[in-house]
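Examination of the molecular architecture
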Amino acid sequence: DERTIAISVAVSRCVRADAHIVVYLEKKSNERFFELLDRRIECVTSLRTPLLAQALLNPGATKILRELVSVEDPGTHFRIDIPADVSMIPFHLLLSILNQEYRAIAIGYAVSHETNAKTFLNPAPDIIIGGGMSLFYIAEHRLDKIIDWNIFNAREVEVLPDETILRGVSVP
């Protein structure tokens, strides 16, 4: 990890300002240092121990996890940045639209487009998300080029006519 730190410092100063830098770490405890060093750095640590625990606790679950992280299979998990002009809608509605229109399953979100933004997996159905946030989903292919964000804007008006909406906050 010490060499990784030195190389990351050098690389982060030489690449474009919008570059996404990925580093592999042996120790998860070093992750925080990288987040403070440069917000563009995403840390990846070994999944061996968590996979062993999953295999013991949930027989067969590791097969699904392997498929999700595989780059060889066509369907996997993806991230998409939600454009700023997309209306805020409840997660359950977004989940439903993605599934019906694109055969995709929303699994979580990040509170902004930044690499190290706070993420939430399997959020409560009434959590409000929208423009300026990022969405994580499972699908056969990326939706970046085909998704019609206007679908979400039209639905927002029907579902939330007079609500005051705060990002990532449940609407009573």
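Each value, and the rule that gives it
Residues numbered from 1 in each chain as written. Predicted model: local features only at pLDDT ≥ 70, side-chain atom pairs only at ≥ 80, totals over all residues. Heavy atoms only, no water. Helix = DSSP H or I, 4+ residues; strand = E, 2+ residues; numbered from the N terminus. Buried < 20%, exposed > 50% of the residue type's maximum accessible area, 1.4 Å probe, protein only. Contact = heavy atoms within 4.5 Å. Core = buried A, V, L, I, M, F, W, Y, C linked by side-chain atoms within 4.5 Å. Polar contact = N/O pair within 3.5 Å; in protein donor to acceptor, adjacent residues only side chain to side chain. Salt bridge = Lys/Arg side-chain N within 4 Å of Asp/Glu carboxyl O. Pairing = 2+ DSSP bridges. Axes fitted to C-alpha atoms, helices over the stretch in contact; angles between N-to-C directions. pLDDT = per-residue confidence, 0-100. 1 Å grid on protein atoms, 1.4 Å probe; cavity = no way out; pocket = protein on both sides within 12 Å on 5 of 7 lines; lining within 4 Å. Points joined across faces, edges and corners; volume = space filled by probe spheres on them. Nonpolar A, V, L, I, M, F, W, Y, C, P; charged D, E, K, R; others polar.

Looking now at the environment of Cys43. Of note, Cys43 is situated in strand β2 (residues 41-45). When its relative accessible area of 14% is taken as the criterion, Cys43 is described as buried. Measuring from C-alpha to C-alpha, the distance between Cys43 and Tyr24 comes to 5.9 Å, with 19 residues separating the pair along the chain. If we ignore the near neighbours within four places in the chain, the residues touching Cys43 are Val23, Leu25, Glu31 and Phe34.

Membership of the largest hydrophobic core comes to 27 residues, with the highest contact counts inside it found for Leu94, Leu98, Ile129, Leu135, Leu143, Ile147 and Phe152. When contributions to this core are tallied by element, the ones reaching two or more residues are β3 (76-81), α5 (91-102), β5 (105-110), β7 (128-129), β8 (134-139) and α6 (150-159). Looking at this core, the element that brings in the most residues is α5, giving six residues. When residues no more than four places from it in sequence are discounted, the contact partners of Leu98 are Arg103, Ala104, Ala106, Leu135, Leu143, Ile147 and Phe152. Ile21, Leu25, Ile41 and Cys43 belong to the second largest nonpolar core, which has six residues in total.

What follows deals with the side chain of Arg40. Within the secondary structure, Arg40 is located in the loop between α2 (31-37) and β2. Classification of Arg40 by relative accessible area gives buried; the value is 15%. At 2.5 Å, the side chain of Arg40 forms a polar contact with the backbone oxygen of Arg16. Discounting residues that sit within four places of it in the chain, Arg40 has contacts with Ser12, Val15, Arg16, Ala17, Ala19, His20, Ile21 and Thr115.

Quick look at the pattern of salt bridges now. A complete count under the given rule lists three salt bridges for this structure. With its nearest N and O atoms 3.6 Å apart, the salt bridge here joins Asp81 to Arg79. Taking relative accessible area as the criterion, Arg79 reaches 24% and is therefore assigned partly exposed. A salt bridge links Arg142 to Asp144; the shortest N-O distance between them is 4.0 Å.

Judged by pairing direction, the sheet is antiparallel, and its four strands sit side by side in the order β3-β8-β5-β6 without closing on themselves. Each edge of the open sheet carries a strand with a single partner, namely β3 and β6 (119-121). Ignoring which end each strand starts from, the neighbouring axes of this sheet average 25° apart. Direction of pairing for β5 relative to β6: antiparallel, over a ladder of three bridges. In the strand pairing of β6, Tyr109 is matched with Phe120. Contacts from helix α4 (residues 61-69) reach β3 and β8 within the one sheet, and its direction differs from that of β3 by about 45°. The sheet strands contacting α5 are β5 and β8, and the helix crosses β5 at an angle near 135°.

Summing up the model confidence of the protein, the mean pLDDT is 80 and the portion of residues at 70 or higher is 87%. Mean pLDDT across the secondary structure elements of the protein bottoms out at α6, with 63, and peaks at β5, with 96. Across residues 156-172, where pLDDT falls below 50, the model places 31 contacts with residues more than four positions away in sequence or in other chains.

Right, let's talk about the layout of surface pockets for a bit. If a probe the size of a water molecule is rolled over the atoms, the empty space left behind becomes visible. There is about 1,600 Å³ of room inside the largest pocket. Taken together, 37 residues form the lining of the largest pocket, with Glu42, Cys43, His77, Thr119 and Phe136 sitting closest to its centre. Elements with a minimum of two residues in the lining of the largest pocket: α2, β2, α3 (48-57), α4, β3, β5, β6 and β8. Among the elements that make up the lining of the largest pocket, the one with the highest residue count is β3 (five residues). Its residues placed into classes, the lining of the largest pocket shows 17 nonpolar, 10 polar and 10 charged.

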